Amino acid sequence: MCGHVSSVALSWCEPALSLQRPRTRKVNRFQNHQADTHSAGGLDGYEILKVHDADPFLGVEVKFVDEAACQQFLDSYSSGAVRQSLSQHACRLLALSQEFTVETQLKASTHILDLYLDKLELCLKHIHLSQPERLRDEEIDDLEQQLQDQALGPAPQSTTITQEESPVPSNCFKFQNRVFEDRMLTAADVQSFSNGVGRQWKHVGRALGKSCRALKGPAIDNLAYEYEREGLYEQAYQLLSRFIEAEGRAAKLSRLVKALEDCKLTYLAENILDVQP
């Protein structure tokens, strides 16, 4: 197996974490898993590809770059060190006075490795044959950035004084100090968005989901899975289609532009609004 990239999926249930808001829960569980991987041998030799949040369970897809890293992880898992570490770190995150039971399951493709932990060679064979089907998800970068932001603390408040601005009419919105007439999203808007957003469509979807019930919870991950074979264009197209279908006349251009600004995709907003230099 040495020299090949193979993967496993680790899932666990932490009952107390299911009481948190979904996004906070996902960040805390990701932090929990990162802390656990450090205690079980570090992140050298493997990395997290994807986080699946299906309350109260969390699934994490991990890939290995060599057999040594894989075997080290299996040793930690079979000895109970991984489960114990998950419980300890979860208790620290939740400020609990005593540990609680964490249920875990380790899979390689459709094979449940918990059934073969006493047969190391068989586990290694299943993992070797389970090549990862996806690249590292961009959401992992987003979660890592949130952990860094938490460690650094809140940014200092700006003390600059802004000039009083004239009110914007209710049927308009402001973008880059220019006022645009607001309207419902059109087919042309959807096409421009789908052509230009690329892998960032999930970030935009989560920004829209702050005020759209249809895009909350696992909706974004479900769209990614359902249209993975069709590619990024179709995933982005279905995202805005779902938004328009759910929001109706409230699916306004201003909401999409705001979401693009939040995701630092101003170039795409300029393209949709046909802003000239």
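The structure contained in this document is the topic of the report that follows. (Residues numbered from 1 in each chain as written. Predicted model: local features only at pLDDT ≥ 70, side-chain atom pairs only at ≥ 80, totals over all residues. Heavy atoms only, no water.)

1. Quick word on the overall build of the protein chain
Then, number 1: Counting its regular elements, the protein chain contains 11 helices and 7 strands.
Then, number 2: Out of the 277 residues in the protein chain, the part that is buried amounts to 40%.
Then, number 3: For the protein chain, the share of sequence-separated contacts (at least 6 apart) that also reach a separation of at least 24 residues comes to 68%.
Then, number 4: Accessible surface, the protein chain as shown: approximately 15600 Å² in total, 50% of it carbon and sulfur. (Helix = DSSP H or I, 4+ residues; strand = E, 2+ residues; numbered from the N terminus. Buried < 20%, exposed > 50% of the residue type's maximum accessible area, 1.4 Å probe, protein only. Contact = heavy atoms within 4.5 Å. Areas by Shrake-Rupley, 256 points an atom, 1.4 Å probe, with all protein chains shown as cover.)

2. Notes on the pattern of salt bridges
Then, number 1: Applying the stated criterion across every chain yields a total of 5 salt bridges.
Then, number 2: A salt bridge links R183 to D189, with the shortest nitrogen-to-oxygen separation between them at 2.6 Å.
Then, number 3: Judged by relative accessible area, which is 33%, R183 ranks as partly exposed.
Then, number 4: Here D221 and R206 are joined by a salt bridge, their closest N and O atoms 4.0 Å apart. Pair noted here: D221 is in helix 8 (residues 219–226) and R206 is in helix 7 (residues 201–209), with a separation of 15 residues, a long-range link.
Then, number 5: Overall, R206 belongs to the buried group, its relative accessible area being 19%.
Then, number 6: One continuous salt-bridge network, built from bridges that share partners, spans K202, R206 and D221. (Salt bridge = Lys/Arg side-chain N within 4 Å of Asp/Glu carboxyl O.)

3. Digging into the environment of Q84
Then, number 1: Positionally, Q84 belongs in helix 3 (residues 81–94).
Then, number 2: In sequence terms Q84 and V102 are 18 residues apart; their C-alpha atoms lie 8.0 Å from each other.

4. Remarks on the packing of aromatic side chains
To describe a pair of aromatic rings, you give the distance between the ring centres and the angle between the ring planes.
Then, number 1: According to the stated counting rule, one finds 3 aromatic pairs in the structure shown.
Then, number 2: Between F173 and F180 the ring centres are 5.9 Å apart and the planes differ by 25°, which places this aromatic pair in the stacked class. The same class applies to F173 as to F180, namely buried.
Then, number 3: Measuring from ring centre to ring centre gives 6.4 Å for F175 and F180, while their planes differ by 55°; the resulting arrangement is tilted.
Then, number 4: The class for F175 is buried, based on a relative accessible area of 1%. (Phe/Tyr/Trp six-rings, centres within 6.5 Å; stacked < 30°, edge-to-face > 60°.)

5. A look at the pairing of strand 4 (residues 103–108)
Where a strand is regular, its side chains alternate between the two sheet faces.
Then, number 1: Burial along strand 4 is one-sided: the face carrying T104, L106 and A108 is buried and the face carrying E103, Q105 and K107 is not.
Then, number 2: Both strand 4 and strand 5 (residues 111–112) contribute to a ladder of 2 bridges, which runs antiparallel. Each residue of the ladder has a partner; that of K107, found in strand 5, is I112.
Then, number 3: Here strand 4 folds back onto strand 5 in antiparallel fashion, the turn holding 2 residues, of which S109 has a positive phi close to 60°. (Pairing = 2+ DSSP bridges.)

6. A look at the nonpolar core
Then, number 1: Ranked by internal contacts, the top residues of the largest apolar core, which has 34 residues, are F193, V204 and L260.
Then, number 2: When residues of this core are traced back to their parent elements, those giving at least two are strand 6 (172–175), helix 6 (187–196), helix 7, helix 8, helix 9 (232–247), helix 10 (253–262) and helix 11 (266–273).
Then, number 3: With residues up to four places along the chain from it excluded, the contact list for V204 reads F193, V197, L256, A259, L260, C263 and L265.
Then, number 4: Y77, V82, L106 and L124 belong to the second-largest nonpolar core, a separate cluster that totals 19 residues. (Core = buried A, V, L, I, M, F, W, Y, C linked by side-chain atoms within 4.5 Å.)

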